[in-house]
Amino acid sequence: MKKIILLFSIFIVGCKSFTKVEYKSDYKKVSTKTLINEIKERKPDYNYLSIRSQSTIIDNTSTNQINLSVRIQKDEKILINGSILIPLFKALLTDKNIKFYEKISRTFYSGNYQYISNLLNNRFTLISFQNMLTGQPIIEFKEMNWKQFYENNTYGLETFSKTNSNNVRYIFNPSNLSLISQSIYSKNNYLTVEYDDYKFIEGDFYPEKITISANNKKEKLKILLNLKVSKTTQQGIFSFKIPNGYKEIKI
């Protein structure tokens, strides 16, 4: 359990392929530039989000269920609480670092995003995780040159990075341009995030079901999230302090 909670809290996750879905309407041919601009225009507008989730975590041959409470202050910080009847762990993500403690083992971790970035062979940040939870591209369009492709009457965008030999693929719903799936993959690493059952909340679409999957040479995990998302104006709800007497762990 300790390993699963730690890996989940810093989001080193495991492998899955795209779900094949046919979209038979609303598709019309547009230029790549127009498509990207339209997707940017539909980026959700919020200051704070509150997310609750029943989460299933599959780690090779073991399966565990965890209740999650996530609070997001846009572009600033993300607070995560995990529990199974009793509190298990708490994590705080900011633009510079990740802090985490686990109550049962009385251990904590504090570090930057470099470890995750190395595992995924791609730069991973607070914004990356924020976008992953809210149904937005992990890698922003301005960072790459994109090519449009056609798949099952959906809009697809892909790019290849010569710097780190990564392929990136996004697939969008043609009716509302919500993200269906996104993947980042190279020879030894694969991350796929799939979205389903979007809900329209105060002018924006937010996913209600997310499947996060990835693998590398050492780890395979799959995380299934059933989300309840709400916008909030609350502030001062991001308190985080590592308890006294906890032992630091290194990864």
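Residues numbered from 1 in each chain as written. Predicted model: local features only at pLDDT ≥ 70, side-chain atom pairs only at ≥ 80, totals over all residues. Heavy atoms only, no water.

## Points about the environment of Gln-54
Then step 1. By secondary structure assignment, the location of Gln-54 is in strand 1 (residues 48-59).
Then step 2. A relative accessible area of 56% places Gln-54 in the exposed class.
Then step 3. Linking Gln-54 and Leu-227, residues 173 residues apart in sequence, is a C-alpha distance of 7.1 Å.
Then step 4. Other than its neighbours up to four places away in sequence, Gln-54 contacts Ile-66, Asn-67, Leu-224, Leu-225 and Asn-226. (Helix = DSSP H or I, 4+ residues; strand = E, 2+ residues; numbered from the N terminus. Buried < 20%, exposed > 50% of the residue type's maximum accessible area, 1.4 Å probe, protein only. Contact = heavy atoms within 4.5 Å.)

## Remarks on the confidence of the model for the protein
Then step 1. Averaged over the protein, the pLDDT score is 84; the fraction of residues at 70 or greater is 88%.
Then step 2. Here residues 1-23 is a poorly scored stretch, pLDDT under 50, and it has 87 contacts once near neighbours within four places are set aside; other chains count. (pLDDT = per-residue confidence, 0-100.)

## Describing helix 4 (residues 126-133)
Then step 1. Counting buried residues along helix 4, seven of its eight residues qualify, which places the element largely inside the surrounding structure.
Then step 2. For helix 4, the full list of buried residues reads Leu-126, Ser-128, Phe-129, Gln-130, Asn-131, Met-132 and Leu-133.
Then step 3. You can read the cap of helix 4 off the contacts: a side-chain oxygen lies 3.3 Å from the backbone nitrogen of Ile-127, and it is on Thr-125.
Then step 4. Remark: Gly-135 follows helix 4 within two positions and exhibits a positive phi of approximately 75°. (Polar contact = N/O pair within 3.5 Å; in protein donor to acceptor, adjacent residues only side chain to side chain.)

## Let's talk about the pattern of salt bridges
Then step 1. Counted according to the given criterion, the structure contains six salt bridges.
Then step 2. Residue Glu-151 is joined to Arg-169 by a salt bridge in which the shortest nitrogen-to-oxygen separation is 3.0 Å. Taken as a pair, Glu-151 in strand 7 (residues 147-151) and Arg-169 in strand 9 (residues 166-172) lie far apart in primary sequence, 18 residues in all. Each member of the pair Glu-151 and Arg-169 is classed as buried.
Then step 3. Salt bridges here are not isolated pairs; linked through shared partners, they connect Lys-147, Glu-151, Glu-158 and Arg-169. (Salt bridge = Lys/Arg side-chain N within 4 Å of Asp/Glu carboxyl O.)

## Considering the nonpolar core
Then step 1. Ranked by size, the top nonpolar core spans 54 residues in total, and within it Ile-80 and Leu-93 carry the most contacts.
Then step 2. Broken down by element, this core gets its largest block of residues, five residues, from strand 13 (residues 220-232).
Then step 3. Tyr-48, Tyr-101, Phe-238 and Tyr-246 belong to the second largest nonpolar core, which has nine residues in total. (Core = buried A, V, L, I, M, F, W, Y, C linked by side-chain atoms within 4.5 Å.)

## Here we look at the environment of Ile-201
Then step 1. Following the sequence through the fold, Ile-201 ends up in strand 11 (residues 190-201).
Then step 2. Owing to a relative accessible area of 12%, Ile-201 belongs among the buried residues under this scheme.
Then step 3. Those residues in contact with Ile-201, other than ones at most four positions away along the chain, are Tyr-206, Val-229 and Lys-231.

## What about unusual backbone geometry?
Then step 1. One non-glycine residue, Asn-152, lies in the positive phi region at around 55°.
Then step 2. Mapped onto the elements, Asn-152 comes out in the loop between strand 7 and strand 8 (154-161).
Then step 3. Asn-152 gets classed as partly exposed once you look at its relative accessible area, which sits at 21%.
Then step 4. Even without being glycine, Asn-153 reaches a positive phi, approximately 60°.
Then step 5. Locating Asn-153 in the fold gives a position in the loop between strand 7 and strand 8.

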